[in-house]
Amino acid sequence: MTVTLIGHTSDAPASGTALGSVGPTTDANNLEMTVLSGLTTTTAYQYHWLKFVQSGGSSASVAEVEFYEDA
């Protein structure tokens, strides 16, 4: 699974800007992905989405997403 953070100034995720991603990983049980660097932060976006891309026939779900500023 690969997770991509997308930002946009309107509520149109299909035309948003990819700000960074993490993955791919195959560890689907109790997985925690943390990205502290490599994200594009030069533009402020009002809307943010997470795009999940998973290969294979299994499904994926997300229990919690936390955004915070790294101090």
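Going by the structure above, here's the rest.
Bear in mind the structure is a predicted one, so any value in this text is a computation, not a measurement.

On to the overall build of the chain, then. Within the chain, the regular secondary structure consists of zero helices and three strands. Of the regular secondary structure in the chain, the N- to C-terminal order runs β-β-β. In the chain, buried positions account for 13% of the 71 residues. In the chain, once contacts between residues fewer than 6 apart in sequence are set aside, the share between residues at least 24 apart is 56%. Here the chain displays about 5700 Å² of accessible surface, and carbon together with sulfur accounts for 48% of that area.

Looking down a regular strand, the side chains alternate between one sheet face and the other. Among the seven residues in strand β1 (residues 2-8), six count as buried, and that is most of the element. Of the pairings in the sheet, the one linking β1 to strand β3 (residues 47-53) comprises seven bridges and is antiparallel in character. Bridging across to β3, G7 finds its partner in H48. Where β1 meets strand β2 (residues 17-22), five bridges bridge the pair, whose relative direction is antiparallel. Following the sheet pairing, I6 is matched in β2 by A18.

Moving on, we get to the environment of K51. Among the secondary structure elements, K51 is positioned in strand β3. Separated by 49 residues in sequence, K51 and T2 have C-alpha atoms that sit 8.0 Å apart.

Before going further, it helps to examine the environment of W49. You can see W49 is positioned in strand β3. The spacing of W49 and V3 is 46 residues in sequence and 10.0 Å in space, taken between C-alpha atoms.

Below, the discussion takes up the side chain of T4. In this structure, T4 sits in strand β1. Discounting residues that sit within four places of it in the chain, T4 has contacts with A18, G20, S21, W49, L50 and K51.

Let us look at the sheet that holds β1. Pairing is antiparallel in the open sheet, where three strands are placed in the order β2-β1-β3. Strands at the two margins of the open sheet, each flanked by one partner only, are β2 and β3. Shown here is a sheet whose adjacent strand axes are inclined to one another by a mean of 25 degrees, direction ignored.

Basis of the calculations
- Residues numbered from 1 in each chain as written.
- Predicted model: local features only at pLDDT ≥ 70, side-chain atom pairs only at ≥ 80, totals over all residues.
- Heavy atoms only, no water.
- Helix = DSSP H or I, 4+ residues; strand = E, 2+ residues; numbered from the N terminus.
- Buried < 20%, exposed > 50% of the residue type's maximum accessible area, 1.4 Å probe, protein only.
- Contact = heavy atoms within 4.5 Å.
- Areas by Shrake-Rupley, 256 points an atom, 1.4 Å probe, with all protein chains shown as cover.
- Pairing = 2+ DSSP bridges.
- Axes fitted to C-alpha atoms, helices over the stretch in contact; angles between N-to-C directions.

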